[in-house]
Amino acid sequence: ARAQLVGSMNEGVNGLIGGVDLTDVVPESVVKIPTGRLIGSQLVSSLLWVVFFGLIFAVAIGSIVISTMLDGDPIDGFLGLGITLGIGVPMVIAVVGITWAQISKSLRYSIAPTPDGVRITYGLLTTVTETLPPGRIFAVEVTQSLLWRPFGWWMIRINRMSGKSAAAQQSGNAQQFNIVLPVGKRADVERVLGLILPDVPVNDLALVWEHGILGPTEGDPYRGMAARAWWRRPVSWKRHGYALTEFGLLLRRGVVWRKLAIFPLARLQGVSLSQGPIDRMQRVSGAQVHSVQGLIHGYLTGFDREDALFLLDG
């Protein structure tokens, strides 16, 4: 008992002298993703593939019925069904495998601030952790698919300077770290944006969310496509536009897949304009925002000459 007491006292004194090893302290995540939401989001995303294979299977069954009714010989129909199954089954297995891989990678997800940067952790079977140092995030994009809209789910992706080769950046782990929020509600999106873009001025918040992610709204401050160039984006031409602030360049695109990309000006590599023969006939121009290679691209099209030059000059 005496030896145990002395040992405990020695350990306590040594701990006070040495302090706490902060590298062993796991920071608390700013976002908690329920497992049901994570699995549900991946299943909903795979719904289009289920519908696609269902239609193919229905066509094959229909061909069997039609061939039987016309000539009483369903061999041609069964042959078509066999070919359909031979192609469809491997594709279904591939979709199931990809869906499970996405779910297992995103489980146990956490994102938290640390003195060295933003720490992201994920993985069910293998836990992987990486810290994004300040200044390594070159672009941020908030995106939402049409199937996620009823649930109010969003995803956040980034372009980052990893310091690795192009081949290494194409690996699964590198691509996974380009997704800093697999699925989240509006409050989750706001927390993560505040974490990875802490320098966004308060005056720009309305441009980010109300006018950007959810817009356009009345009195839209974004510069959009020329009405005469609507055929280039027949569904989303009213959302296709940009806003320029002292902090960054915001690109708003998409209706089926809503997207808002934010390029901080401090890390913007360049902007270029282009005008082909059809553009010249319509008196419009395209623009390209240059950043590090990643999931987010900065291409815009169909802008009036004045709006395109305003972007370049700004």
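Everything that follows concerns the structure shown earlier in this document.
Below or above, wherever it landed, is the structure these notes cover. Note that this is a predicted model, so its numbers are computed, not measured.

### Examining a nonpolar patch on the surface
Stage number 1. A cluster of nonpolar residues, Leu146, Val235, Val256 and Trp257, forms a patch on the protein surface that exposes about 390 Å² of accessible area.
Stage number 2. Mapped onto the elements of the fold, Trp257 is located in strand E10 (residues 257–264).
Stage number 3. Judged by its relative accessible area of 46%, Trp257 is partly exposed.

### Structural notes on the sheet that holds E10
Stage number 1. Overall, antiparallel pairing links the 7 strands, which are arranged E6-E5-E4-E10-E9-E8-E7 in an open sheet. Two strands close off the open sheet at either side, each with one partner strand: strand E6 (179–184) and strand E7 (223–224).
Stage number 2. Sheet strands in contact with helix H10 (residues 305–313) are E7, strand E8 (241–244) and strand E9 (248–253), and its direction is about 40° off that of E8.

### Some remarks on the pattern of salt bridges
Stage number 1. All told, the structure shown has 11 salt bridges when counted by the stated rule.
Stage number 2. Close ionic contact of Arg186 with Glu210 constitutes a salt bridge, the shortest N to O distance being 3.0 Å. Remark: Glu210 occurs in helix H8 (residues 205–213) and Arg186 occurs in helix H7 (residues 186–196); sequence separation between them is 24 residues.
Stage number 3. Residue Glu210 is classed as partly exposed on the basis of its relative accessible area of 36%.
Stage number 4. Residue Arg191 is joined to Asp188 by a salt bridge in which the shortest nitrogen-to-oxygen separation is 3.0 Å. Here Arg191 and its partner Asp188 are both found in helix H7, 3 residues apart, which amounts to about one turn of the helix.
Stage number 5. Overlapping salt bridges, with partners in common, bring together Arg37, Asp188 and Arg191 in one network.

### A short note on H7
Stage number 1. Those residues of H7 that sit buried are Asp188, Val189, Val192, Leu193, Leu195 and Ile196. Down the axis of H7, the sector holding all buried residues measures 160°, keeping them to one side.

### Digging into the nonpolar core
Stage number 1. Counting residues in each nonpolar core, the largest one holds 41 residues, and the members touching the most others are Ile111, Ile156, Val180 and Ile196.
Stage number 2. Looking at this core, the elements that each hand over two or more residues are helix H2 (35–45), strand E2 (117–122), strand E4 (137–145), strand E5 (154–160), E6, H7, H8 and E10.
Stage number 3. For this core, the element with the most residues is H7, which contributes 5 residues.
Stage number 4. Judged by nonpolar contacts, the second largest core, of 12 residues, contains Ala139, Tyr242, Leu251 and Ile296.

### Notes on the pairing of strand E1 (residues 110–114)
Stage number 1. Most of E1 sits out of view: 4 of its 5 residues are buried.
Stage number 2. Strand direction decides the pairing type here: E1 and E2, joined by 5 bridges, are antiparallel. Considered in E2, the bridge of Ser110 is made with Thr121.
Stage number 3. Between E1 and E2, which pair antiparallel in sequence order, lie 2 residues.

### So, the side chain of Arg160
Stage number 1. Along the chain, Arg160 turns up in strand E5.
Stage number 2. Overall, the relative accessible area of 6% leaves Arg160 in the buried class.
Stage number 3. Among the polar contacts made by the side chain of Arg160, one reaches the side chain of Glu130 at a distance of 2.6 Å.
Stage number 4. Separated by 3.1 Å, the side chains of Arg160 and Asn178 make a polar contact.

### Let's talk about the packing of aromatic side chains
Stage number 1. Within this structure, the stated rule accounts for 4 aromatic pairs.
Stage number 2. With 4.4 Å between their ring centres and 15° between their planes, Phe151 and Trp153 make a pair best called stacked.
Stage number 3. Residue Trp153 is classed as buried on the basis of its relative accessible area of 9%.
Stage number 4. Aromatic ring contacts, followed pair by pair, group Trp148, Phe151 and Trp153 into a single cluster.
Stage number 5. Above the ring of Phe310, the side-chain terminus of Arg223 is found at 3.8 Å from the ring centroid.
Stage number 6. Sitting above the plane of the Tyr222 ring, Arg252 keeps its charged end 4.4 Å from the centroid.

### Some remarks on the side chain of Arg253
Stage number 1. Note that Arg253 resides in strand E9.
Stage number 2. At a separation of 3.0 Å, a polar atom in the side chain of Arg253 contacts the main-chain carbonyl oxygen of His297.
Stage number 3. Polar side-chain contacts of Arg253 include one of 3.4 Å to the backbone oxygen of Tyr299.
Stage number 4. In this structure Arg253 touches Glu141, Arg239, His240, Arg258, Lys259, Ala261, His297, Gly298, Tyr299 and Leu300, once residues within four positions along its chain are discounted.

### Considerations on the sheet that holds strand E3 (residues 128–132)
Stage number 1. Across the sheet, which stays open at both edges, the 3 strands sit in the order E1-E2-E3 with antiparallel pairing between neighbours. Each having just a single partner strand, E1 and E3 make up the two edges of the open sheet. When strand polarity is set aside, the average angle formed by the axes of neighbouring strands in this sheet is 20°.
Stage number 2. Summarising the sheet, E2 and E3 pair through 5 bridges and their orientation is antiparallel. Residue pairing in the sheet places Thr121 in a bridge with Thr129 of E3.

Reading the values: the criteria
- Residues numbered from 1 in each chain as written.
- Predicted model: local features only at pLDDT ≥ 70, side-chain atom pairs only at ≥ 80, totals over all residues.
- Heavy atoms only, no water.
- Patch = residues over 30% accessible without salt bridge, like charges linked within 9 Å, V, L, I, M, F, W, Y side chains within 5 Å.
- Areas by Shrake-Rupley, 256 points an atom, 1.4 Å probe, with all protein chains shown as cover.
- Salt bridge = Lys/Arg side-chain N within 4 Å of Asp/Glu carboxyl O.
- Helix = DSSP H or I, 4+ residues; strand = E, 2+ residues; numbered from the N terminus.
- Buried < 20%, exposed > 50% of the residue type's maximum accessible area, 1.4 Å probe, protein only.
- Pairing = 2+ DSSP bridges.
- Contact = heavy atoms within 4.5 Å.
- Axes fitted to C-alpha atoms, helices over the stretch in contact; angles between N-to-C directions.
- Arc of directions from axis to C-beta.
- Core = buried A, V, L, I, M, F, W, Y, C linked by side-chain atoms within 4.5 Å.
- Polar contact = N/O pair within 3.5 Å; in protein donor to acceptor, adjacent residues only side chain to side chain.
- Phe/Tyr/Trp six-rings, centres within 6.5 Å; stacked < 30°, edge-to-face > 60°.
- Lys NZ or Arg CZ within 6 Å of the ring centre and 35° of its normal.

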